[in-house]
Amino acid sequence: MKPIVVTGTDTGIGKTVVSAGLVQALGAHYWKPVQSGLEEETDSEIVARLAGAPVLPEAVRLELPASPHISAEAEGVRIDVEALRLPDTPRPLVVEGAGGLMVPLDDRTTFLDLFARWGAPVVLVARTALGTINHSLLSLAALRGAGVPVAGVIFSGEAAPRVERTIAEMGEVTHLGRVGPLDPLDGDGLRDAFAAIDMAAIRRAMEAA
């Protein structure tokens, strides 16, 4: 079974919450290859807290909360993209990218390039708010253009059935479900939210890749 990669149409749209839900539902390990920003709770720490599951150490940890290539430059280091290989784990693996697909790791390589090299299926997390149709369809086109298998889209936010249907139909992609606002954001609430996510489709994508 291939890992499942979680990416998004932008930053701050719920990728980490979706990743935690997938970790919980799959009984998986979690890996964030590159973490930019260490002052606040990191994505790995959030997933460990919400999912109560094993978290693998990040390959790259950078202090500045910015695009990884800028954070690395600020610390006088260069990210070794060739070293970012999917780890072998005894459980399924959920991998979370940073920001969106075109976020640079260095001056030549984006996360999309990394995902294409890995060949693992991707779940795209998309907002339901204004602007999401454009961002989502562009992201899906970029994934397909790079030959990356797409498991489907998980929406984040308040329900917007017409918007969600437009993205699924025009993007020719599986609507995997929606995670609405969670208050409080905790493991039980996340588990309840993921009861409506099409985990069978995600597992099929992981097995078929």
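Going by the structure above, here's the rest.
Model, not experiment: these values are computed from the prediction. (Residues numbered from 1 in each chain as written. Predicted model: local features only at pLDDT ≥ 70, side-chain atom pairs only at ≥ 80, totals over all residues. Heavy atoms only, no water.)

## Observations concerning the overall build of the protein chain
- Secondary structure assignment for the protein chain yields eight helices and eight strands.
- Its C-alpha atoms give the protein chain a radius of gyration of 16 Å, near enough to 17 Å, the size a compact globule of 209 residues would have.
- Referenced to the eigenvectors of the C-alpha coordinate spread, the extents of the protein chain come out at roughly 45 × 35 × 35 Å.
- Buried residues in the protein chain amount to 52% of all 209 residues.
- Sequence separation of 24 or more characterises 73% of the internal contacts of the protein chain that already satisfy a separation of 6 or more.
- Just so you have it, the protein chain exposes about 9500 Å², and 51% of that area is on carbon and sulfur atoms.
- Distance from the positive charge centre (18 side chains) to the negative charge centre (27 side chains) of the protein chain: 6 Å. (Helix = DSSP H or I, 4+ residues; strand = E, 2+ residues; numbered from the N terminus. Rg over C-alpha atoms; globule rule 2.2 N^0.38 Å. Buried < 20%, exposed > 50% of the residue type's maximum accessible area, 1.4 Å probe, protein only. Contact = heavy atoms within 4.5 Å. Areas by Shrake-Rupley, 256 points an atom, 1.4 Å probe, with all protein chains shown as cover. Lys, Arg positive; Asp, Glu negative; His and termini not counted. Charge placed at Lys NZ, Arg CZ, Asp CG, Glu CD.)

## Remarks on the pairing of strand E5 (residues 93-100)
- Of all eight residues making up E5, eight are buried, and the element is well covered by its neighbours.
- Two strands pair when backbone bridges link them, and strand E1 (residues 4-8) and E5 are joined in this way by four bridges, in the parallel orientation. Following the sheet pairing, Ile4 is matched in E5 by Val94.
- Of the strand pairs in this sheet, strand E2 (residues 29-31) and E5 are connected by three bridges, and their pairing is parallel. Within E5, the position partnered with His29 by the bridge is Leu93. (Pairing = 2+ DSSP bridges.)

By themselves, these observations are geometric and do not establish any function.
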